[in-house]
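So the chains spell out like this:
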Protein chains: 2
Amino acid sequence: MPIFRQLIDQIKQAIRMNLLVNGEQLPSVRVLASALQINPMTISKAFSQLEIEGVLIRKRGVGMLVAEVQENGHISSSIETPLQKFIENAHKENLSNDQIMALVQQYLSIQSQEKSK
Amino acid sequence: MPIFRQLIDQIKQAIRMNLLVNGEQLPSVRVLASALQINPMTISKAFSQLEIEGVLIRKRGVGMLVAEVQENGHISSSIETPLQKFIENAHKENLSNDQIMALVQQYLSIQSQEKSK
DNA sequence: AATAGTGTATTAATATACTAATACACTAAT
DNA sequence: ATTAGTGTATTAGTATATTAATACACTATT
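**So, the environment of Asn94(B)**
Link 1 in the chain: Note on placement: Asn94(B) falls in the loop between α4 (77-92) and α5 (97-115).
Link 2 in the chain: Ignoring sequence-local partners within four residues, the contact set of Asn94(B) consists of Met1(A), Arg5(A), Ile8(A), Asp9(A) and Gln99(B).

**Observations regarding unusual backbone geometry**
All names here are of chain A.
Link 1 in the chain: Non-glycine residue glutamine 37 carries a positive phi angle of around 60°.
Link 2 in the chain: Here glutamine 37 shows up in the loop between α2 (29-36) and α3 (40-52).
Link 3 in the chain: By relative accessible area, glutamine 37 is classed as exposed at 66%.

**What to know about the protein's contact with DNA strand C**
Link 1 in the chain: Close to DNA strand C lie 20 residues; Ile3(A), Asn39(A), Arg60(A), Ser44(B) and Arg58(B) are nearest.
Link 2 in the chain: A breakdown of the atoms of DNA strand C within 4 Å of the protein gives sugar and phosphate a share of 62%.
Link 3 in the chain: Here a phosphate oxygen of DNA strand C sits 2.7 Å away from a polar atom, N or O, in the side chain of Ser44(B).
Link 4 in the chain: Across the surface near DNA strand C, the residue classes break down as nine nonpolar, seven polar and four charged.

**Describing the nonpolar core**
Link 1 in the chain: Residues Phe86(A), Val104(A), Phe86(B) and Val104(B) are the most contacted members of the largest nonpolar core, which totals 25 residues.
Link 2 in the chain: Of all the secondary-structure elements, those providing two or more residues to this core are α4 (77-92) and α5 (97-115) of chain A together with α4 and α5 of chain B.
Link 3 in the chain: Contact partners of Phe86(B), with chain neighbours within four places excluded, come to Ile79(A), Pro82(A), Leu83(A), Ile100(B), Leu103(B) and Val104(B).
Link 4 in the chain: In this structure, Ala14(B), Leu32(B), Ala33(B) and Met64(B) belong to the second largest nonpolar core, which totals 20 residues.

**Looking at the confidence of the model for chain A**
Should the pLDDT be low somewhere, the predicted coordinates at that spot are not to be read in detail.
Link 1 in the chain: In the predicted model, chain A carries a mean pLDDT of 86, and the fraction of residues at 70 or more is 88%.
Link 2 in the chain: Per-element averaging of pLDDT across chain A places α5(A) at the bottom with 74 and α2(A) at the top with 97.

**Things to note about helix α3 (residues 40-52) of chain B**
Three or four residues apart is the spacing at which side chains of an α-helix point the same way, because the helix has 3.6 residues per turn.
All names here are of chain B.
Link 1 in the chain: The end-to-end C-alpha distance of α3 is 19 Å, a good match for the 18 Å that 13 residues give at a rise of 1.5 Å each.
Link 2 in the chain: All buried positions along α3 are accounted for by Ile43, Ala46, Phe47, Gln49 and Leu50. Buried residues of α3, viewed axially, fall in a sector of 160°; they line one side.
Link 3 in the chain: Near the N-terminus of α3, the side chain that reaches the backbone nitrogen of methionine 41, with its oxygen 2.8 Å away, is that of asparagine 39.
Link 4 in the chain: One or two steps after α3, the chain reaches glycine 54, where phi turns positive at roughly 85°.

Conventions and cut-offs
- Residues numbered from 1 in each chain as written.
- Chains lettered and ligands numbered in written order.
- Predicted model: local features only at pLDDT ≥ 70, side-chain atom pairs only at ≥ 80, totals over all residues.
- Heavy atoms only, no water.
- Helix = DSSP H or I, 4+ residues; strand = E, 2+ residues; numbered from the N terminus.
- Contact = heavy atoms within 4.5 Å.
- Buried < 20%, exposed > 50% of the residue type's maximum accessible area, 1.4 Å probe, protein only.
- Near = heavy atom within 4 Å.
- Polar contact = N/O pair within 3.5 Å; in protein donor to acceptor, adjacent residues only side chain to side chain.
- Nonpolar A, V, L, I, M, F, W, Y, C, P; charged D, E, K, R; others polar.
- Core = buried A, V, L, I, M, F, W, Y, C linked by side-chain atoms within 4.5 Å.
- pLDDT = per-residue confidence, 0-100.
- Expected span 1.5 Å × (residues − 1).
- Arc of directions from axis to C-beta.

In structure tokens, the structure reads:
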């Protein structure tokens, strides 16, 4: 798993656990880079992604701040929209909630197989 | 999107639409390769993946056959497409499988609440 | 056994994704 | 204006994923 992606995970997790709270400023890219022994640009890349997702706010020349925490965590519409459509259509075709959960699990396992190759 | 992955999708779709039926033999890798103007190995790679997923059956020296249609094999694309997109995007944003399952469950319960109103 | 049809293991080439180095731009406080 | 702190655009290097070329193995038929 790429470094910048691991970093994204860790920051999101920290926010979920309230180790980082709304409005708080994150350590600078250089401080983090030094602490984690990785390149500043790799950290910047993670920051950029988190800004796109609305998790962090970029203040030019100042630093990165933790954004307002959303109701459902930080679910982007690129996730939420297809999820809603999936459930809606599944219900239209009279699939039960259990069947829906089973379907999701099945597709998750398929994707795992594909990744492990 | 990689060629072999597009091919996997197309074959699955063809089976869903009954353009390919249970037990039917697929065109050989060379025939397909020639028709689609791509390398035979790329097609073989798609076939291998589909065999792992249980969609096709490999007969050595003979060819690839369409497998028995699965329990969940008749899911309409109006369900499958958003599901795939949902999982794909969720993974892009680094949600774990557990988190994905939790999300689905959450949305299922929300929809139930709305219905009972 | 020879042949002509299957798919594929192995390897090499290519494309893509990721990381790192450098120099730069922005902001706040001197 | 200078300084010291932010983040980042650009570019180059590296690693990984994908595609392609070749030679091979299996099966059925003759």
